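# Descriptive analysis of the structure
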Amino acid sequence: QVQFVESGGGLVQAGGSLTLSCVASVNTFSHNAMGWYRQVPGKQRELVASISAGGRTNYAGSVKGRFTISRDNAKNTVILQMRSLKPEDTAVYYCNAADSQFDWHDYWGQGTQVTVSS
């Protein structure tokens, strides 16, 4: 059974920081690239950060330099550290495989709401 549980969201003022955590209940976590996605109402879910099995990271231009993704394979956990938050970062954040074609994408967690006030 594939399951993702995200946590750590909340309400923060612009310029503040939050750290999101995701625990993945999957069998091959350490072998797969993972990603953090975000979605706002009426828009498609977008990939904002990814980390390969080997630890290589990649970021969307809108968050580069402000967000840091990391993983703990021993705990099947992926972390997103967010700083210098902006109101446009407001969204529901989800984790899943970085590859959108992967069959894990049939399963999504409840996400965690991040709200940045101006």
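Residues numbered from 1 in each chain as written. Predicted model: local features only at pLDDT ≥ 70, side-chain atom pairs only at ≥ 80, totals over all residues. Heavy atoms only, no water.

A count of helices and strands for the chain gives zero helices and ten strands. In the chain, the succession of helices and strands from N to C terminus is β-β-β-β-β-β-β-β-β-β. Taken over the C-alpha trace, the chain has a radius of gyration of 13 Å; the compact-globule value for 118 residues is 13 Å, and the two agree within 12%. The dimensions of the chain, computed from C-alpha atoms along their principal axes, are 40 × 25 × 20 Å. The buried share of the chain, taken over its 118 residues, is 42%. Partitioning the intrachain contacts of the chain with sequence separation of at least 6 by distance along the chain shows that 55% fall at a separation of at least 24. Put simply, the chain has 10 plus and 8 minus side-chain charges, and the middle of one group is 9 Å from the middle of the other. (Helix = DSSP H or I, 4+ residues; strand = E, 2+ residues; numbered from the N terminus. Rg over C-alpha atoms; globule rule 2.2 N^0.38 Å. Buried < 20%, exposed > 50% of the residue type's maximum accessible area, 1.4 Å probe, protein only. Contact = heavy atoms within 4.5 Å. Lys, Arg positive; Asp, Glu negative; His and termini not counted. Charge placed at Lys NZ, Arg CZ, Asp CG, Glu CD.)

Now for the side chain of Arg-71. Within the secondary structure, Arg-71 is located in strand β7 (residues 67-72). The side chain of Arg-71 is buried and forms no salt bridge, while Asp-72, the nearest opposite charge, is found at 8.3 Å. Of the polar contacts made by the side chain of Arg-71, one reaches the backbone oxygen of Phe-29; its length is 2.7 Å. A polar side-chain atom of Arg-71 sits 2.9 Å from the main-chain carbonyl oxygen of Asn-32. Ignoring any residue separated from it by four or fewer positions in sequence, one finds Arg-71 in contact with Phe-29, Ser-30, Asn-32, Ala-33, Met-34, Ile-51, Ser-52, Ala-53, Thr-77 and Val-78. (Salt bridge = Lys/Arg side-chain N within 4 Å of Asp/Glu carboxyl O. Polar contact = N/O pair within 3.5 Å; in protein donor to acceptor, adjacent residues only side chain to side chain.)

One open sheet accounts for four strands, arranged β1-β3-β8-β7; its pairing is antiparallel. Looking at which strands have only one partner, the edges of the open sheet turn out to be β1 (3-7) and β7. Averaged over all adjacent pairs, the angle separating strand axes in this sheet is 15 degrees, with direction ignored. Judged from the six bridges that link them, strand β3 (residues 18-25) and strand β8 (residues 77-82) form a sheet pairing that is antiparallel. Paired with Leu-20 across the strands is Leu-80, a residue of β8. (Pairing = 2+ DSSP bridges. Axes fitted to C-alpha atoms, helices over the stretch in contact; angles between N-to-C directions.)

Turning next to the pattern of salt bridges. For the structure on display, the rule yields three salt bridges. Arg-38 is the partner of Glu-46 in a salt bridge, and the nearest nitrogen-oxygen pair spans 2.8 Å. What makes Arg-38 buried here is its relative accessible area of 6%. The partner of Arg-66 in a salt bridge is Asp-89, and the shortest N-O contact between them spans 2.8 Å. Note that Arg-66 is positioned in the loop between β6 (57-59) and β7 and Asp-89 in the loop between β8 and β9 (91-97), a separation of 23 residues in sequence. Comparing Arg-66 with Asp-89 shows no difference in burial state: the two are buried.

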